[in-house]
Amino acid sequence: MGCSGCTSGRGCSTASPALPGGCKNNGSCGTGGCNKLSVFDWLANMELPSGQEPFDIVEVRFKNSRKGFFRNTLGVPINVGEVLAVEAMSGHDIGVVSLAGELVRLQMKKRNVSFNSEEIKKIYRKAQTRDIEKWQEAQKLEHATMYRARTFAVKLNLQMKISDVEYQGDRTKAIFYYTAEERVDFRELIKVLADEFKVRVEMKQIGARQEAGRLGSIGSCGRELCCSTWLTDFRSVSTSAARYQQLSINQLKLAGQCGKLKCCLNYELDSYMDALKDIPDVANVKLETEKGRAFHQKTDIFRRRMFFSYTNEPDNFIQLSVERVKVILAMNAEGNKPEDLTEKVIHTKPIEKKHDYENVVGQDSLTRFDKSKNKKRNNNKRRNGPSNENRQAAGTTNAGKPNVNPNQNKPNPNANQNKPNPNRNNNRPRPNNNNRPRPNNNTNEQKKD
């Protein structure tokens with residue numbers, strides 16, 4: 001039901017009431033949706049003009065990339081993701097709505113399907129629970145049916161490969177997809193399959209690219225295959241596409257999952273073809289010079305550079321511009337030869353440009369402040385006379401007085417720091433002893449007597 005990367009069991013953001021599990025990839029499909037060949041409806045948020053009815057045809061997708069257009073005869077709104085029971089060749093089939101609205105009209109124009117075509121079948125109803133259960137039971141039988149059908153094909157010696165089986169929604173019909181290089185007579189095989197599985201059998205041949213698109217896989221680029229996600233127009237790819245893009249012809253690298261050349265080789269081929277129009281084809285042409293012949297080695301197409309080597313120096317690659325190669329080819333056509341491949345370059349002295357404006361930034365120097373400080377220092381020296389060293393040598397000061405050190409005769413306060421000073425308290429103020437009581441001399445004399 002979903003893309004090849006649906007491995008999570010936590011459900012999907014596009015789960016419907018009929019399919020509560022969705023594609024079980026938690027809303028992170030590698031293809032941008034839960035279905036192969038999903039389409040982005042960029043008209044979904046636009047309202048229709050007043051009085052216009054919505055388009056009554058919807059696009060329904062079945063297993064893998066099989067799609068079809070069906071007319072909405074119910075007259076009820078149908079949204080993308082709903083499961084429908086639609087008309088089939090016999091009985092009914094079950095599919096999921098992949099596109100609805102005005103964008104279906106554009107899809108029908110793209111596929112050249114007429115709006116009033118009788119091939120457009122109708123929608124029976126929205127799928128009920130019993131329809132979905134029967135449909136899921138039929139899907140579980142597809143792998144076993146495919147392997148069983150392969151054994152019957154081998155027993156009948158048929159040169160074919162049955163790659164996929166798709167049951168109809170009502171389990172009354174089965175479509176067997178196969179690939180074969182030659183025409184195969186499978187009439188006997190149809191009888192055996194019908195008797196074995198009790199269903200109506202339809203054999204449908206597909207190509208190798210369609211087979212890879214139906215099965216799905218991961219390409220060498222790390223993404224899901226283009227044929228299983230969005231590519232529907234399978235164009236032939238030739239080896240010339242690889243040669244134009246200067247790719248090595250390596251079958252292992254250029255082949256896809258289908259065994260054919262990769263479809264992506266055609267994506268950028270037009271850009272390479274446009275770029276090669278102005279580049280001369282010198283694959284089988286040799287450039288004639290006085291130094292010797294030169295042959296082409298490789299070309300850088302978008303940088304417009306060509307590499308040549310002399311026949312006697314095959315390991316020496318010389319890079320030339322496309323214009324230089326054209327000049328040499330024109331000279332050889334006239335019978336002339338240049339001295340060598342390289343173009344001579346005349347070196348001249350560069351002319352100094354004289355600015356006709358005032359360069360304000362250039363006038364200021366980063367060290368302009370340092371220079372101004374030096375000038376101030378020199379001016380101060382001139383004003384103050386000779387320096388201190390010259391003054392000490394002369395023994396005089398600025399005023400002509402002898403140079404006497406004012407601290408010469410001062411005692412050193414730290415000299416007698418550890419010696420006790422008896423006069424340490426001499427300078428302190430003495431206490432006033434006027435109010436102290438004086439001794440009484442008479443009393444002492446009486447005691448002596």
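Described below are features of the structure shown in this document. Numbers given to residues run from 1 along each chain, matching the order in which its sequence is written. Local features in this predicted model are restricted to residues whose pLDDT is 70 or higher, and side-chain atom pairs enter the listing and the counts only when it is 80 or higher, whereas totals over whole chains, interfaces and linings include all residues. Here the side-chain values reflect all heavy atoms present in the structure, with hydrogen atoms and water set aside.

### Here we look at the sheet that holds strand E6 (residues 161–167)
Between any two strands, pairing holds if DSSP finds at least two bridges. Comment: elements are numbered from the N terminus, with helices defined as DSSP H or I runs of at least four residues and strands as E runs of at least two. The sheet built from three strands is open, its strands ordered E6-E7-E8 with mixed pairing. Looking at which strands have only one partner, the edges of the open sheet turn out to be E6 and strand E8 (200–205). Neighbouring strand axes in the sheet, compared pairwise and without regard to direction, differ in orientation by 25 degrees on average. Direction of pairing for E6 relative to strand E7 (residues 173–179): antiparallel, over a ladder of six bridges. What sits directly across from glutamate 166, in E7, is isoleucine 175. Every residue pair with non-hydrogen atoms within 4.5 Å of one another is taken to be in contact. Throughout, an axis means a line fitted to C-alpha atoms (over the contacting stretch in the case of helices), and angles, computed between N-to-C directions, take values from 0 to 180 degrees. Contacting E6 and E7, helix H3 (residues 142–155) crosses the sheet at an angle of about 145 degrees to E6. Helix H4 (residues 187–197) contacts E6, E7 and E8 of the sheet and is inclined by roughly 135 degrees relative to E8.

### Topic: the nonpolar core
What is meant by a nonpolar core is a set of buried Ala, Val, Leu, Ile, Met, Phe, Trp, Tyr and Cys residues, joined one to another through side-chain atoms within 4.5 Å. Between buried and exposed lies partly exposed: a residue is buried under 20% and exposed over 50% of the maximum accessible area for its type, with that area taken using a 1.4 Å probe on protein chains only. Grouped together as the largest cluster of nonpolar side chains are 21 residues, with contacts concentrated most on Met160, Ile162, Phe176, Leu189, Leu193 and Met203. Where this core is concerned, the elements lending two or more residues are H3, E6, E7, H4 and E8. With four residues, H3 is the largest single contributor of residues to this core. Residue contacts for leucine 189: discarding those within four places in its chain leaves Ala149, Phe152, Ala153, Leu156, Leu158, Met160, Ile162 and Met203. Residues Ile279, Ile301, Met306 and Phe308 belong to the second largest nonpolar core, which totals 16 residues.

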